[in-house]
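Now for the letters of each chain:
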Amino acid sequence: MNQKALFIIFGGTGDLAYRKLYPALFNLYEKGYLKEDFAVIGTARRPWSNDHYHEVVMSAIEDAGRDSGRTNDDLPRKFASHFYYQSHNVDDVDHYVALRKLADELDEKYDLQGNRIFYLAMAPRFFGTIAGHLKDQALLTKGNGFNRLIIEKPFGRDYPSAKELNDSISGSFKEEQIFRIDHYLGKEPIQSIAGLRFGNALFNSLWNKEHIDNIQITLSESLGVEERAGYYETAGAMRDMVQNHIMQIVSLLTMERPDVFDSEHLRDKKIEALENIQMYTKEEAKKYFIRGQYGADEANTQLGYRDEEGTDNQSTVETFVAGKLITHNPSLDGVPVYIRTGKRLTKKSTQINIVFKNDDQNIFAKDASEKLKTNVLTMHIEPDQGFTLEFNTKTGNQGYNLSPVHLRYRKTATEKAQIPDAYEGLIRDALMGNKTNFAHWHEVSQAWKIMDVVREAWDEEEPAFPNYASGSMGPEAAMQLLADDGRKWVFNPRS
Ligand SMILES: NC(=O)c1ccc[n+]([C@@H]2O[C@H](COP(=O)([O-])OP(=O)(O)OC[C@H]3O[C@@H](n4cnc5c(N)ncnc54)[C@H](OP(=O)(O)O)[C@@H]3O)[C@@H](O)[C@H]2O)c1
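Named according to an unreviewed UniProt entry, the protein chain is Glucose-6-phosphate 1-dehydrogenase originating from Pediococcus pentosaceus. Checking UniProt for the protein chain, the heading Sequence similarities (unreviewed entry) contains the comment "Belongs to the glucose-6-phosphate dehydrogenase family."

Printed below as a string of structure tokens:
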């Protein structure tokens with residue numbers, strides 16, 4: 001089903017628009033979600049012509065590798081002809097008057113029925129100004145058309161700044177009109193968590209405190225800060241990865257089953273799940289959260305974070321976080337969720353490990369203390385996508401010995417190539433008004449409140465950085481965090 005709409009992209013000359021938005025919109029056009037009744041206004045300060053803008057859009061499609069194997073070579077040009085460039089400084093009120101005029105003209109030309117999507121592909125400090133002027137200068141349509149606002153992280157640096165940001169847009173857009181992108185929610189393996197849990201009696205019946213011992217979430221990167229040092233110095237791993245992506249994954253893994261699988265029911269359960277994460281005192285936060293920063297590798301071939309271009313040589317920014325969260329959602333009450341993310345770790349992998357309890361009686365044991373090997377369900381998010389289930393089976397002919405085996409399912413390269421890019425799926429959802437894969441304000445705010453305690457606790461002490469070598473799996477304390485509970489990380493690759 002296609003949907004008519006006018007997209008107004010603020011930051012139309014920027015990196016996000018070029019690398020993600022134009023290719024994603026093109027894919028939607030190619031697949032028929034956008035037909036001929038759509039238009040895009042790109043705005044930014046640069047004085048581009050429409051012709052130049054068309055060339056940029058076509059080159060973005062080509063660079064994204066979307067120009068090969070197509071039978072209709074004219075498609076990118078036809079697609080680009082729907083794009084209009086308007087030079088615009090977001091602080092200048094007069095520019096909104098010109099923008100409204102163009103928007104109204106395009107609305108009529110393409111018969112868009114007042115449907116508008118405002119995409120703010122710009123730094124969040126501009127959000128309030130843009131939202132305010134969109135309202136004051138009557139760019140929000142009245143009548144049956146929709147007005148939707150898409151915004152990108154970061155949503156603040158802590159709860160107070162996130163609230164301020166939210167307040168600055170909520171005067172113009174209601175919560176149901178705001179689509180906050182957390183691109184992890186656009187990834188298919190993350191979306192399939194709900195399907196795995198609630199679409200299988202096997203897992204649904206085991207997803208509780210009686211059967212799950214602990215949950216582990218690892219987002220490990222092998223690369224360092226690369227060319228993002230400027231941004232990273234102001235953010236760090238907690239703000240970059242934990243408050244948003246990891247907390248969203250935590251909510252999907254710990255929420256109770258919604259009665260119906262739709263955006264409202266799912267949102268309510270996710271909010272409840274986050275509200276049921278134990279709020280720590282600062283002392284608890286110091287005990288249960290570990291931060292780290294990478295140094296050089298053992299052979300001294302990789303620079304430490306403080307020696308990377310663009311970082312402060314005394315930087316106290318964390319490039320690693322590990323922590324223990326405790327859920328008090330009824331089904332999983334008391335189950336620990338161990339989370340971990342970091343740069344320059346041994347291996348790139350995003351994975352979730354569900355570790356089941358192993359206190360069943362071991363009737364095969366040679367001596368009474370020998371426990372059954374733990375069953376583990378691993379969800380591979382990236383680069384592999386799929387599942388591994390580890391369970392015990394009889395092996396060998398002599399005697400009755402049990403050994404763990406792995407039941408594996410991995411998506412093939414062809415299957416992975418067919419999955420739409422996260423942005424394509426998310427823009428399609430926004431176009432259709434489906435909020436299932438977007439972050440609600442209450443999720444964002446609750447995640448900040450949980451993380452703010454940790455940040456405040458950390459800010460009381462100067463960290464002894466660097467504290468892990470490039471190529472390792474982070475500071476020793478992150479291993480000890482689980483060892484203290486008699487557990488260990490399931491994902492523990494050797495360098
Ligand atoms: N890039 C990504 O992959 C990515 C991923 C996730 C989130 N984000 C977030 O998305 C936002 C945009 O990121 P980006 O990487 O695209 O940044 P960027 O490349 O720096 O683009 C910023 C855009 O804002 C425009 N701009 C700046 N000041 C302006 C003003 N006063 N009036 C009008 N336009 C103005 C710039 O164009 P002119 O200079 O021509 O005005 C440019 O088009 C950021 O908040 C970022 O954190 C980006």
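This is not the end of the story, as more comes after the structure.
Considering the site of the ligand
Taken together, 22 residues lie near the ligand, and Thr13, Asp15, Arg19, Arg45 and Arg46 sit nearest. Gly11 places a polar main-chain atom, nitrogen or oxygen, 3.4 Å from an oxygen atom of the ligand. Arg19 has a polar side-chain atom sitting 2.7 Å from an oxygen atom of the ligand. Against a free-state accessible area of 890 Å², the protein chains account for coverage of 74% of the ligand. Top element by residues in the shell around the ligand is helix α1 (residues 15-30). It accounts for 3 residues.

Quick look at empty space enclosed by the protein
This structure, assessed with the given rule, holds 2 cavities of 30 Å³ or more. The space that makes up the largest cavity amounts to roughly 80 Å³. Residue lining of the largest cavity: Phe155, Asp182, Gln243, Asn244, Met247, Gln248, Leu274, Ala439, Glu443, Val444 and Ala447, and that is the complete set. When contributions to the lining of the largest cavity are tallied by element, the ones reaching two or more residues are α9 (229-254) and α14 (441-459).

Some points on the layout of surface pockets
Its volume calculated, the second largest pocket comes out at about 450 Å³. Around the second largest pocket, the lining comprises 17 residues; the ones closest to its centre are Val355, Thr374, Val376, Lys488 and Val490. Among the elements of the structure, β7 (212-220) and β12 (349-356) are those that each provide at least two residues to the lining of the second largest pocket. No other element matches β7, which puts 3 residues into the lining of the second largest pocket. For the lining of the second largest pocket, the per-class residue count stands at 6 nonpolar, 5 polar and 6 charged.

Side note on the pattern of salt bridges
For the structure on display, the rule yields 28 salt bridges. With a shortest N-O distance of 3.1 Å, Glu382 and Lys187 are connected by a salt bridge. With Glu382 in strand β13 (residues 376-382) and Lys187 in the loop between β6 (178-181) and α7 (188-198), this residue pair connects regions lying 195 residues apart in the sequence. Given a relative accessible area of 16%, Lys187 falls into the buried group. The salt bridge partner of Glu188 is Lys411, with a shortest N-O separation of 3.5 Å. Note that Glu188 is positioned in helix α7 and Lys411 in the loop between β15 (401-410) and α12 (413-418), a separation of 223 residues in sequence. Here Glu188 falls in the partly exposed class, since its relative accessible area comes to 32%. One salt-bridge network, in which partners are shared between bridges, spans Lys282, Glu283, Lys286, Glu460 and Glu461.

Concerning the UniProt feature "active site" (unreviewed entry) in the protein chain
Mapped onto this structure's residue numbering, the UniProt feature "active site" (unreviewed entry) falls at His245. With respect to the helices, strands and loops of the structure, His245 is situated in helix α9. Setting aside its immediate chain neighbours within four residues, His245 contacts Lys153, Asp182, His183, Tyr184, Leu219 and Asp240. Looking at His245, its side chain comes within polar contact range of the side chain of Lys153, at 3.2 Å.

Re the sheet that holds strand β11 (residues 336-342)
Spatially, the 8 strands line up as an open sheet ordered β8-β10-β11-β7-β12-β13-β14-β15, and their pairing is mixed. At either end of the open sheet lies a strand with only one pairing partner, and these are β8 (289-292) and β15. The mean inter-strand angle of the sheet, taken between neighbouring strand axes irrespective of direction, is 15 degrees. Here α7 sits on the sheet and contacts β12, β13 and β14 (386-395); the angle it forms with β13, its principal contact strand, is near 150 degrees. Across the sheet, helix α15 (residues 476-483) is in contact with β7, β8, β10 (320-326) and β11; its angle to β10 comes to roughly 15 degrees.

Here we look at the nonpolar core
With 70 residues, the main nonpolar core has Trp207, Ile217, Leu253, Phe289, Ile352, Ile354 and Met379 as its most contacted residues. The element that contributes the greatest number of residues to this core is α9, accounting for 12 residues. If we ignore the near neighbours within four places in the chain, the residues touching Trp207 are Leu196, Arg197, Ile212, Leu253, Ser331, Leu332, Ile354, Leu377 and Met379. Core analysis: the next-biggest nonpolar cluster, separate from the first, contains 41 residues, Leu16, Phe38, Tyr53 and Phe83 among them.

With respect to the UniProt feature "binding site: substrate" (unreviewed entry) in the protein chain
When the UniProt feature table is mapped onto this chain numbering, "binding site: substrate" (unreviewed entry) sits at His183, Lys187, Glu221, Asp240, Lys343 and Lys348. Positionally, His183 belongs in the loop between β6 and α7. Setting aside anything within four residues of it in sequence, one finds His183 in contact with His245, Ala422, Tyr423 and Leu426. By the secondary structure assignment, Lys348 is in the loop between β11 and β12. In contact with Lys348, not counting residues within four places along its chain, are Ser220, Glu221, Ser222 and Pro383.

Definitions and limits used
Residues numbered from 1 in each chain as written. Predicted model: local features only at pLDDT ≥ 70, side-chain atom pairs only at ≥ 80, totals over all residues. Heavy atoms only, no water. UniProt positions renumbered as here; feature names shortened; annotations may be inferred. Near = heavy atom within 4 Å. Polar contact = N/O pair within 3.5 Å; in protein donor to acceptor, adjacent residues only side chain to side chain. Areas by Shrake-Rupley, 256 points an atom, 1.4 Å probe, with all protein chains shown as cover. Helix = DSSP H or I, 4+ residues; strand = E, 2+ residues; numbered from the N terminus. 1 Å grid on protein atoms, 1.4 Å probe; cavity = no way out; pocket = protein on both sides within 12 Å on 5 of 7 lines; lining within 4 Å. Points joined across faces, edges and corners; volume = space filled by probe spheres on them. Nonpolar A, V, L, I, M, F, W, Y, C, P; charged D, E, K, R; others polar. Salt bridge = Lys/Arg side-chain N within 4 Å of Asp/Glu carboxyl O. Buried < 20%, exposed > 50% of the residue type's maximum accessible area, 1.4 Å probe, protein only. Contact = heavy atoms within 4.5 Å. Pairing = 2+ DSSP bridges. Axes fitted to C-alpha atoms, helices over the stretch in contact; angles between N-to-C directions. Core = buried A, V, L, I, M, F, W, Y, C linked by side-chain atoms within 4.5 Å.

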